[in-house]
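# Geometric and topological summary
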Amino acid sequence: MIIGTLVETTIDGSTTRELNGASSVIFYTMADAIVWARLQSESWTVFGDATTARCAIMIVNTDTSIKRWWYNGIEHTG
């Protein structure tokens, strides 16, 4: 099973976690999970173009026990 998890969201690089929250999505293929992780982690503008939000995303493959993660559209795995 391939599980994508939104681990944390930050605004403008803040560490106060204004949008803290977690969710998980199950994928059939690793390719789909990777596209979702990259797109979901990219910065986007919220609140009327005044603020930038970014997400930390983790993909876990339970068959291989491999974890990969993305932040701001870039993979930071190992």
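Refer to the structure printed above.
Figured I'd write up the structure that's included with this text. Just so it is clear, the structure is predicted and the values come from calculations on it, not from any experiment.

What follows deals with the overall build of the chain. Each helix and strand counted, the chain has one helix and six strands in total. Here the chain holds 78 residues, and the buried ones make up 29% of them. When contacts within the chain are restricted to residue pairs at least 6 apart in sequence, those whose partners lie at least 24 apart make up 50%. In the structure as shown, the chain presents an accessible area of about 4800 Å², 57% of it carried by carbon and sulfur atoms.

A few words on the side chain of Asn-61. Within the element layout of this structure, Asn-61 appears in strand S4 (residues 51-61). In this structure, Asn-61 is in contact with Met-1, Ile-2, Met-30 and Ile-66, ignoring residues within four places of it in sequence.

Let us now look at the nonpolar core. The biggest cluster of nonpolar side chains holds nine residues, and these are Ile-2, Leu-6, Phe-27, Ala-33, Ala-37, Cys-55, Ile-57, Ile-59 and Trp-70. When residues of this core are traced back to their parent elements, those giving at least two are strand S1 (2-11), helix H1 (30-41) and S4. Of the residues forming this core, the biggest block, three residues, is contributed by S4. Those residues within four positions of Ala-33 in sequence are excluded, and the remaining contacts are Ile-2, Phe-27 and Ile-59.

As a working rule, side chains carrying opposite charge can pair if their charged atoms are close by. Taken as a whole and judged by the stated rule, the model has two salt bridges. The residue Glu-42 makes a salt bridge to Arg-38 at a minimum N-O spacing of 3.4 Å. With a shortest N-O distance of 2.7 Å, Glu-75 and Arg-68 are connected by a salt bridge. Judged by relative accessible area, Arg-68 falls into the partly exposed class, the value being 22%.

Considering all chains together, one arrives at one aromatic pair under this definition. Residues Phe-27 and Trp-36 carry aromatic rings whose centres are separated by 5.4 Å and whose planes lie at 50 degrees to one another, so their mutual orientation is tilted. For Phe-27, a relative accessible area of 13% corresponds to the buried category.

Before going further, it helps to examine unusual backbone geometry. Not every positive phi belongs to a glycine, and Ser-65 is a case in point at roughly 65 degrees. The topology assignment puts Ser-65 in the loop between S4 and strand S5 (66-71). Relative accessible area serves as the criterion here: at 62%, Ser-65 is assigned to the exposed category. With phi around 55 degrees, Asn-72 is a residue other than glycine that occupies positive phi space.

Procedures and definitions
- Throughout, a residue's number is its position along its own chain's written sequence, starting from 1.
- Per-residue local features are limited, in this predicted model, to residues with pLDDT of at least 70; the limit for side-chain atom pairs, both in listing and counting, is 80 or more; totals at the level of whole chains, interfaces and linings are taken over all residues.
- Hydrogen atoms and water are omitted, and side-chain values are computed over all heavy atoms in the structure.
- Counting from the N terminus, the helices are DSSP H or I runs at least four residues long and the strands are E runs at least two residues long.
- Note on classification: 1.4 Å probe, protein chains only; a residue is buried when its accessible area is under 20% of the maximum for its type, exposed when over 50%, partly exposed between these limits.
- Note on contacts: a residue pair qualifies if any of its non-hydrogen atoms lie within 4.5 Å across the two residues.
- Computed by Shrake-Rupley with a 1.4 Å probe, the accessible areas treat only the displayed protein chains as cover when residues are assessed.
- Buried residues of nine kinds, namely Ala, Val, Leu, Ile, Met, Phe, Trp, Tyr and Cys, make up a nonpolar core once their side-chain atoms join them within 4.5 Å.
- Think of a salt bridge as a Lys or Arg side-chain nitrogen and an Asp or Glu carboxyl oxygen that are within 4 Å of each other.
- Side-chain rings of Phe, Tyr and Trp, where Trp is taken by its six-membered ring, are said to pair if the distance between their centres is within 6.5 Å; with planes under 30 degrees apart they count as stacked, over 60 as edge-to-face, and otherwise as tilted.

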